[in-house]
Amino acid sequence: MRKYEVMVIIDPDIDDRQVQPTLDQHLAVITKGGGTVDNVDIWGRRRLAYEINKKPEGIYAVIDLTAEPADVKELERLMTINEAIVRTKVIRPEERRVEPRKSESRTEA
């Protein structure tokens, strides 16, 4: 199982009460596959950097989850089919590693 972060932009014409059920419908793929949905953070309506489908704003949501890669691929496929979801972006956040600094060897003349 791997950790993923999914950013979703939902069509602003959808009612605010339908946002959570729309996300839950797609996140069922993750829970059925044995994964977990760690956090769902709905940011609300935000202005887009550029218009998508002639709409200047969208409803943003960020989802943190732990799942198998095949389940996440299926989640992304289902989200692209849904017309209420405008854009999705799935990333695997890398764990921050602190690497030791290379010691600089200086020779003095």
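First things first, this report covers the structure right here in the doc. One numbering rule holds for all chains: residues counted from 1, following each sequence as written. Note on the predicted model: pLDDT of at least 70 is required for a residue's local features to be given, and 80 or more for side-chain atom pairs to be given and counted; whole-chain, interface and lining totals, by contrast, use all residues. Here the side-chain values reflect all heavy atoms present in the structure, with hydrogen atoms and water set aside.

**Considering the overall build of the protein**
So, step 1. Every helix listed is a DSSP run of H or I at least four residues long, and every strand listed is a run of E at least two residues long, numbered separately from the N terminus. On a plain count of helices and strands, the protein comes out with two helices and four strands.
So, step 2. Counting from the amino terminus, helix and strand elements in the protein follow one another as β-α-β-β-α-β.
So, step 3. Between buried and exposed lies partly exposed: a residue is buried under 20% and exposed over 50% of the maximum accessible area for its type, with that area taken using a 1.4 Å probe on protein chains only. Buried residues in the protein amount to 33% of all 109 residues.
So, step 4. Here the analysis covers contacts within the protein between residues at least 6 apart in sequence; of these, 70% occur between residues at least 24 apart. By definition in these notes, contact holds between two residues if any of their heavy atoms fall within 4.5 Å.

**Here we look at the pattern of salt bridges**
So, step 1. For this document, the term salt bridge refers to a Lys or Arg side-chain nitrogen within 4 Å of an Asp or Glu carboxyl oxygen. Across all of its chains, the model carries seven salt bridges by this definition.
So, step 2. Close ionic contact of Lys-55 with Asp-13 constitutes a salt bridge, the shortest N to O distance being 2.9 Å. A residue pair is termed long-range when its members are at least 10 positions apart, and Lys-55 in strand β3 (residues 55-67) and Asp-13 in the loop between β1 (2-10) and α1 (19-32) qualify at 42 residues.
So, step 3. Residue Lys-55 is classed as partly exposed on the basis of its relative accessible area of 21%.
So, step 4. With relative accessibility at 61%, the residue Asp-13 sits in the exposed group.
So, step 5. The closest approach of N and O atoms between Glu-74 and Arg-77, which form a salt bridge, is 2.8 Å. You can see Glu-74 and its partner Arg-77 sitting in helix α2 (residues 69-81), three residues apart, about one turn around the helix.
So, step 6. Because the salt bridges share partners, they merge into one network encompassing Asp-11, Asp-13 and Lys-55.

**Quick look at the nonpolar core**
So, step 1. Put simply, buried Ala, Val, Leu, Ile, Met, Phe, Trp, Tyr and Cys residues joined by side-chain atoms within 4.5 Å make one nonpolar core. Counting residues in each nonpolar core, the largest one holds 19 residues, and the members touching the most others are Val-8, Ile-63 and Leu-65.
So, step 2. Elements with a contribution of two residues or more to this core: β1, α1, β3 and α2.
So, step 3. Ranked by residue count, the leading element in this core is β3, at five residues.
So, step 4. Core analysis: the second largest hydrophobic core is formed by five residues, Ile-9, Leu-48, Ile-52 and Tyr-60 among them.

**Focus: α1**
Since the α-helix advances by 3.6 residues per turn, residues separated by three or four positions end up pointing in the same direction.
So, step 1. An expected span of 1.5 Å times one less than the residue number is assigned to each helix. Given a rise of 1.5 Å per residue, 14 residues ought to cover 20 Å, and the 21 Å separating the end C-alpha atoms of α1 matches this to within 8%.
So, step 2. In the structure, α1 departs most strongly from a straight axis at His-26, where the bend amounts to approximately 35°.
So, step 3. By the burial criterion, the buried members of α1 are Val-19, Thr-22, Leu-23, His-26, Leu-27, Val-29 and Ile-30.
So, step 4. Residues of α1 that are buried in the fold lie against β1, β2 (36-52), β3, α2 and β4 (85-91). A residue's bend is given by the angle between axes fitted to the 7 residues ending at it and the 7 residues starting at it.

**A word on the side chain of Asn-82**
So, step 1. With respect to the helices, strands and loops of the structure, Asn-82 is situated in the loop between α2 and β4.
So, step 2. A 3.5 Å cut-off defines polar contacts: any pair of N or O atoms within that distance qualifies, except that in protein one atom must be a possible hydrogen donor and the other a possible acceptor, and neighbouring residues in sequence count only when both atoms are side-chain atoms. Within the local environment of Asn-82, its side chain forms a polar contact with the side chain of His-26, the two groups lying 2.9 Å apart.
So, step 3. In contact with Asn-82, not counting residues within four places along its chain, are Thr-22 and His-26.

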